[in-house]
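Structure assessment
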Amino acid sequence: MGASAAAGFLGFTATAAVVVLLLRQGQRPRTEELLTKWRAFEHLLLDISASLLDAPPEEVNGRVQRALLRVVEALELDRCALFVIRPGEPQADITHTAQAHGVPPLPHTIGQVRYPRLVEALRRGDSVAVQGAAPEIPSRAPAGGRGHGKRPLLLIPVSSGGGVLSGISFQGPGREVSRSEDSVSRLRLVGQILSSAISRARIEAALHTSEKKYRNVVDSQTDLICRYLPDTTLTFVNEAYCRYFRRTREQLIGRMFLELIPEGSRDMARQHVESLLEDPRAEVDEHEVLRPDGSIGWQQWTSYAILGRDGRVFEFQAVGRDITDRKRAQEAEDRLANASRLTVLGELAASIAHEIRQPLGAILSNTEAAEMLLESGGKSRIPEIREILSDIHREVLRASEVIQHIRSLVQHRPPQMQPLDLNDLVRDVVRFVAPSAREFRVRVDMDLTGSLPAVYGEQVQLQQVLLNLIVNGMDAMKETSEPFRRLTIRTRCIAGRLVEIEVIDAGHGIAETILPRLFQSFVTTRQDGLGLGLSLSRSIIESHGGTISAENNADGGATFRFLLPALDDTRESNQRRAS
Amino acid sequence: MMSTESPIIRVVDDDQRFRVAVCRVLRAAGYEVREYPSAGALLLSDDEQAPGCILLDLRMPGPSGLELQAALARRDRCLPIIFLTAYANVPLSVRAMKGGAVDFLRKPVKREALLSTIRAALARDDERRTSREELRALRARYDLLSPREREVIHHVVAGRLNKQIASAIGAAERTVKAHRARIMVKMQVGSVAELVRQVDCLISGSRELEPQAQPVRQAAVP
C-alpha cells in the first residue's frame, strides 16, 4: 500500500516538474522538442516505477539495470550509474550501471575519490557537474561516433543517511546533462525511484530471511507454540502443534483451543485465561486435551500476555508440551503412596492393638484369678491376692503408657521446649526401665558427666528416643549370656557446645547390610518390630538440631549416640528453669 | 480306657506378665500349669508324653506360635493347641485352625471362654489318647494273629461264608472254622459285628498312628 502511494506521489511530482518546465521554458526556441522529450521521459519514469513496484525482491536489481539502460537510451546518454560512497572509504561503489552501445562499462568501484570538495557538496545535497570527467572514468574512445574527448558528468545525490551517500550519475553530451535546476530535479527523481526500489528490495529480502529463520526456529521446536486471543481463538500455531493434533495450520487457526480440551476441563482452562487477563503474568497451567486418537492426554502451557498500547492484553503467546506420561506416572505414584499409607496405618493400628491388648489381657486374667482365689481359699490366699493387685496396678500403668505414647505419636501436640539437664533425663528413663532390666537380667550402668550444659528440648520426645535406644539395646542382648548383659548410658560434653548421649550394649550388634539404612522407616531386625522406632528417633533428634548415629563396638555389641547442641548460657537457662 | 495322669497345661508366651496372669487363672481353676517363655523352650524341655494341651501365643521372638505348631506336627506330637494372641487377623487364624488348633482366642480373654476352651482341648487330648490306647491294644491283639488268620479275618469282615473263604484260600471248610474261632479269641470279640468294627478302627487308625503300621487295607483285597 505504501509503495503504490509512493508511486502515485512520484507520478505527481513528475507531472508537476513538467508543468514547471513548461512555464519556465515556454519561450525558448527548442521548447516544443524539449517538451516532447520530457513528456516521453515522464512516461518512461511512470513505466519504470510501475515495473519496479510489483517486482519481487530478487528481480529488483535486474529491473533497475534495465531501467538505467532505458534512461541512457531515452536521453541519449553515454552512461548512467547508481553509486554509493560510504564514510571512511575513499572510493565510490558502483552498484548499478548501464551504458550506450560501444561505451565501456564502469568498474565496480571508482578507485579514489580525489575530490573531497565534490563529495562534500554531494553530502550537502548539491548536485555536481564535472566538465571533464576524472581520468579513472573510462570514456568513449576518441575515435567513437558521437563526440570527442571527455564528456561532462553530472552527479546527483539521492539520499544520505548514517553517513552513507548514494547518488546517480549521468554522463553524456552537455546539452542533456545540463545543470539546470529542472533538469537536475527530474534526473534526481530517476535516482530516487531506483534507489527506493533497491532499498525496499533489500529490506524485504532481509525480512524474508529473518522470518524464515524465525519460522524455522519455531517450527523445529518439539515444544508446541501458539498464539491466541483472549477468547482462546488461535492466531498462530507451529509445526509441533499441528503434528500433535494431526491437523493443518488452516484447520487450527481461527478455532478456539478450548475445543481441543475435554468438556469437563474447559471451565478450568477458561478461568485460567480469564485470570491471566486480569493479572497478566507468565504462569504454568496444566490441563487435559483431546488427542487425535480419541484418548485424553495432558499438556502443560506457559502463556505470556502480549499487551497493547492501552496496557490491555490483546493476545497471548504460549509454549506448551505433552506431559501425559509424567501425569500418568504421578497418578500411579499417588495411588501407590495412598495405598502404602493405608497399609502403614493398618499395620500401625494392629501394632497399637497388640500393645494394648497385652496389658489388658494381663489385667483381666489377674482380676479373674483374684476372684477365683477369694472364692476358693478366702483369707489364706490374701498375700497372693495382694501380689496380683500390685501386678494389676502395674499393668494399668503399662496400658496407659502405651496410650500416652500413641497420643504423642498421633496428635501433633505442640512440643514444649525447655532447657533440660540430660543427666536428669537419663536417670528418669533408667528408673523407668529398671523393672524390664531386672526381668531381662540386664545390668544398666550410668556414666554421667557432672555439670553438663543444658540443652533446649522437648522432654517427652527426648525421653522417647532414649527409651527406644535402651529397649533396643536390651532386646539385642537376649542371646547374650547373662553376666555380659550390660547396658551403659554415658553422657558427655563436647567442646562445651554439644552434649552427647551414648547407649552402649553388648548384644548381637548391627548387621553391616542394615547399618546404612538403620534409621530409615520400616527397617527392623526384630520380628515384631514395625521399624519405626529408630526413624522416629532420628526425626526427633534432627528436629532438635542434633544428629544420631550407630556403630558396632570393637568388643561386640553396638553403640547408639546422639548429639544435641548445648544452650549457650547454662546459668541463664538454669534461672529460667528455677522460675 | 482313660489316662490316669493329670493333664498339664503348657503356657507359651514371651510376655512374662501376661503369662503369669493367665497361669494364675488356670492354677486357680485347679490345673497343673507349666510356663515357657518361648516356643524353643517348650520344644526343648517339654515332656510330650504327659497329657494336656498347649496355650500358645502367636507372635513371639524366635519361632512363632504357628512355627511351633508346624514343628510339633512334624514331630508327631499330638497335644491340642489353643492359640491366644493379642495380634490376630483372619489369615493367621485360618492358618492356625487349618493346622489343627482347637481354638483361636484373643487377648484379653475371659475366664469362661478360656476355661471352656481348655476343657475342650483336654477332652480332645483325652479322646485322642484313649483311642490311641485302644488302637495300640487292638494292634497288639492283631499282631498275635498268624499270617493265615490275617488272611481269613479280612474274608470274614467282608461278610463271606466259611465255604467261600475255604475255596478262596484253598483250605478245608473245617480249617476255616478253626481259624475263625482262634481269631475271635485272639481279638477278644464275641461277635462278627464287633470284629468288623475293630478292623475298621485298625484301618483308619493305621494312617494316623505308627508309621510302621501294616497296610491292612491291602491285605483286605482278595
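Structure shown above.
Residues numbered from 1 in each chain as written. Chains lettered and ligands numbered in written order. Predicted model: local features only at pLDDT ≥ 70, side-chain atom pairs only at ≥ 80, totals over all residues. Heavy atoms only, no water.

A few words now on the overall build of chain B. Along chain B, the regular secondary structure elements total ten helices and five strands. The proportion of buried residues among the 222 residues of chain B is 45%. Contacts in chain B between residues at least 24 apart in sequence constitute 62% of all its contacts with a sequence separation of at least 6. About 11,100 Å² of surface is accessible on chain B, with carbon and sulfur atoms providing 53% of the total. (Helix = DSSP H or I, 4+ residues; strand = E, 2+ residues; numbered from the N terminus. Buried < 20%, exposed > 50% of the residue type's maximum accessible area, 1.4 Å probe, protein only. Contact = heavy atoms within 4.5 Å. Areas by Shrake-Rupley, 256 points an atom, 1.4 Å probe, with all protein chains shown as cover.)

The interface of chain A with chain B comprises 26 residues on the first partner and 27 residues on the second. There are five salt bridges connecting chain A and chain B. Here Arg24 of chain B ties to Asp391 of chain A by a salt bridge, and the two come within 3.0 Å at their closest N and O atoms. Remark: the boundary between chain A and chain B carries nine residue pairs in polar contact (both at pLDDT 80 or more). At the level of elements, α9 (324-377) and α10 (382-410) of chain A are the ones that each hand at least two residues to the side of chain A that touches chain B. Its residues placed into classes, the side of chain A that touches chain B shows eight nonpolar, six polar and twelve charged. (Salt bridge = Lys/Arg side-chain N within 4 Å of Asp/Glu carboxyl O. Polar contact = N/O pair within 3.5 Å; in protein donor to acceptor, adjacent residues only side chain to side chain. Nonpolar A, V, L, I, M, F, W, Y, C, P; charged D, E, K, R; others polar.)

Residues and elements named next belong to chain A. For strand β16 (residues 498-504), a buried count of six out of seven residues is recorded, marking the element as mostly surrounded by other parts of the structure. As paired elements, strand β15 (residues 486-494) and β16 share seven bridges and run antiparallel to each other. When the sheet's bridge partners are listed, Ile489 is paired in β16 with Val503. Counting the residues in the hairpin turn of β15 and β16 gives three residues, including Ala495, whose phi is positive at 55°. Of the strand pairs in this sheet, β16 and strand β18 (residues 558-565) are connected by seven bridges, and their pairing is antiparallel. From the neighbouring strand, Ile501 faces β18, where its bridge partner is Phe562. (Pairing = 2+ DSSP bridges.)

Residues and elements named next belong to chain A. Secondary-structure assignment places Ser195 in helix α5 (residues 181-219). Judged by relative accessible area, Ser195 falls into the partly exposed class, the value being 21%. It is 8.4 Å that separates the C-alpha atoms of Ser195 and Ser159, two residues lying 36 residues apart in sequence.

So, on to unusual backbone geometry. In this model, Lys107 of chain B is joined to Pro108 of chain B through a cis peptide bond whose omega is -5°. Counting through the fold element by element, Pro108 of chain B comes out in the loop between β5 (103-106) and α5 (111-143). Backbone geometry places Arg246 of chain A, a non-glycine residue, at a positive phi of 50°. Here Arg246 of chain A lies in the loop between α6 (239-245) and α7 (249-252). For Arg246 of chain A, a relative accessible area of 62% translates into the label exposed. At Gln188 of chain B, a residue that is not glycine, the phi angle is positive and equals roughly 55°. Position of Gln188 of chain B relative to the elements: it lies in the loop between α8 (173-186) and α9 (192-208).

Let us look at the sheet that holds strand β1 (residues 8-12) of chain B. Backbone hydrogen bonds are what pair the strands of a sheet, in a parallel or an antiparallel way. Residue and element names in this part refer to chain B. Across the sheet, five strands lie side by side as β2-β1-β3-β4-β5; this open sheet has parallel pairing. This sheet does not close on itself; its edge strands, each paired only once, are β2 (32-36) and β5. Across this sheet, the average inter-strand angle for adjacent strands is 20°, counted without regard to direction. For strand β4 (residues 81-85) and β5, the ladder comprises four bridges, and the chain directions are parallel. Directly across from Leu84, in β5, lies its bridge partner Leu105. Packed onto the sheet, helix α1 (residues 16-28) meets β1, β2, β3 (52-56) and β4 and runs at close to 170° relative to β2. (Axes fitted to C-alpha atoms, helices over the stretch in contact; angles between N-to-C directions.)

Residues and elements named next belong to chain A. Of all eight residues that make up β18, seven are buried, and the element is covered over most of its length. With six bridges connecting them, strand β17 (residues 547-552) and β18 associate as antiparallel partners. Of the residues in β18, the one forming a bridge with Glu551 is Thr559. Count of turn residues in the β17/β18 antiparallel hairpin: five residues, of which Gly556 carries a positive phi of about 100°.

Once that is clear, we can look at the packing of aromatic side chains. Summed over the entire model, instances satisfying the criterion amount to six aromatic pairs over all chains. The interplanar angle of 45° and the centroid separation of 5.1 Å between the aromatic rings of Tyr241 of chain A and Phe245 of chain A together place this pair among those described as tilted. Within this pair, Tyr241 of chain A and its partner Phe245 of chain A are both found in helix α6, separated by four residues, close to a single helical turn. The exposure classification of Tyr241 of chain A matches that of Phe245 of chain A, with both residues buried. Among the aromatic residues, ring-to-ring pairing joins Tyr241, Tyr244, Phe245 and Trp301 of chain A into one connected group. Positioned over the ring face of Trp298 of chain A is Lys327 of chain A, at 4.4 Å from the centre of the ring. Above the face of the Phe18 of chain B ring, Lys107 of chain B is positioned so that its terminal group lies 4.3 Å from the ring centre. (Phe/Tyr/Trp six-rings, centres within 6.5 Å; stacked < 30°, edge-to-face > 60°. Lys NZ or Arg CZ within 6 Å of the ring centre and 35° of its normal.)

A few words now on the nonpolar core. All names here are of chain A. Core analysis: the largest hydrophobic core is formed by 37 residues, its most contacted members being Leu422, Leu466, Ile470, Phe560 and Phe562. Those elements that provide at least two residues to this core are α11 (422-439), α12 (459-476), β15, β16, α13 (533-543), β17 and β18. Setting aside chain neighbours within four positions, we find Leu466 in contact with Leu425, Val426, Val429, Ile489, Ile501, Val503 and Phe562. Judged by nonpolar contacts, the second largest core, of 34 residues, contains Trp38, Leu75, Leu189 and Leu194. (Core = buried A, V, L, I, M, F, W, Y, C linked by side-chain atoms within 4.5 Å.)

Let's shift gears to the side chain of Asp125 of chain B. Residue and element names in this part refer to chain B. With respect to the element layout, Asp125 can be found in helix α5. Residue classification places Asp125 among the buried residues on the basis of a relative accessible area of 2%. Non-local contacts of Asp125, meaning those with residues more than four positions away in its chain, are made with Pro51, Gly52, Cys78, Leu79 and Pro80.

Next up on the list: the pattern of salt bridges. Pairing between side chains becomes possible if they bear opposite charge and their charged atoms approach one another. Per the counting criterion, the structure on display carries 42 salt bridges over all chains. Taken together, the salt bridges that share partners define one network made up of Asp447, Arg490, Arg492, Glu500, Glu502, Glu551 and Arg561 of chain A.

What follows concerns the sheet that holds strand β2 (residues 92-99) of chain A. All names here are of chain A. In space, the six strands of this open sheet follow the order β3-β2-β1-β6-β5-β4, with antiparallel pairing throughout. Strands with a single pairing partner mark the edges of an open sheet, and in this sheet they are β3 (109-110) and β4 (128-130). Pairing analysis gives two bridges linking β2 to β3, with the strands arranged antiparallel. Residue Ala92 lies in a different strand from β3, and its bridge partner there is Ile110. Against the sheet, helix α3 (residues 57-74) contacts β1 (79-85), β2 and β6 (164-171), and its axis sits at roughly 60° relative to β2.

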